[in-house]
Amino acid sequence: MAALTLRPVRPAVPADDAELAELDRSTWSTLHAVLPRPAPPYDPFFGERHPPEDFLVVEAETDDGRAGIAGYVRIVPPTPLASNAHVRQIRGLAVATWARGAGVGRTLLRAAFAEARRQGANRVTLRVLGHNDPARALYASEGFAVEGVLPGEFFLNGRYVDDVCMGRSLGPA
């Protein structure tokens, strides 16, 4: 595997649409996806319910010359309610296959924590499929704890899969 140099995490911009759409399609897997595999004609990555400002991206360069977006994280308020405005929810995290194992996911999580704090949040939550052991291990190593399990919430590849709710405190905002 080529060595990877990460650039600073930045907010997504509309010009990232095509590259993020390709990243999303190339990383699709029943390990984390509950929707069917995307098929042409493809929708744009960004839309009214998924604007660029909800996403943070990290670009990287390899020592063999590859460069581009290595991953993204989407962080949003879980509801429009004032009573939980102190919470942000991660609703998507993807790492390019060529960038895996280089700390991209961890870098994106930490940037999401910083952005959540900047927005005044003191708590972050997420949902992850029960059989996604790599993601669950990453989240646990970054301070997330299992806060609930919805047993058999999804039927994927001929079997029922749990939906695991995880959360962590960010400390005072």
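Scroll up to find the structure.
What counts as what
Residues numbered from 1 in each chain as written. Predicted model: local features only at pLDDT ≥ 70, side-chain atom pairs only at ≥ 80, totals over all residues. Heavy atoms only, no water. Helix = DSSP H or I, 4+ residues; strand = E, 2+ residues; numbered from the N terminus. Contact = heavy atoms within 4.5 Å. Buried < 20%, exposed > 50% of the residue type's maximum accessible area, 1.4 Å probe, protein only. Salt bridge = Lys/Arg side-chain N within 4 Å of Asp/Glu carboxyl O.

Examining the side chain of Asn-84
One can find Asn-84 in the loop between β4 (67-76) and β5 (87-95). Ignoring any residue separated from it by four or fewer positions in sequence, one finds Asn-84 in contact with Pro-78 and Thr-79.

A few points about the side chain of Asn-132
As for its position among the elements, Asn-132 is in the loop between β6 (123-129) and α3 (133-141). Look at Asn-132 and you get buried, because its relative accessible area is 7%. Setting aside residues no more than four positions away along its own chain, Asn-132 makes contact with Leu-31 and His-32.

Here we look at the pattern of salt bridges
Evaluation of the coordinates by the stated rule reveals 11 salt bridges. Measuring nitrogen to oxygen at the nearest pair gives 2.6 Å for the salt bridge that ties Glu-115 to Arg-118. Of this pair, Glu-115 and Arg-118 both sit in helix α2 (residues 104-118), 3 residues apart, which is roughly one turn of that helix. According to the relative accessible area criterion, Glu-115 is buried, its value standing at 18%. Put simply, Arg-7, Arg-10, Asp-16, Glu-59 and Glu-61 are held in one network by salt bridges that share partners.

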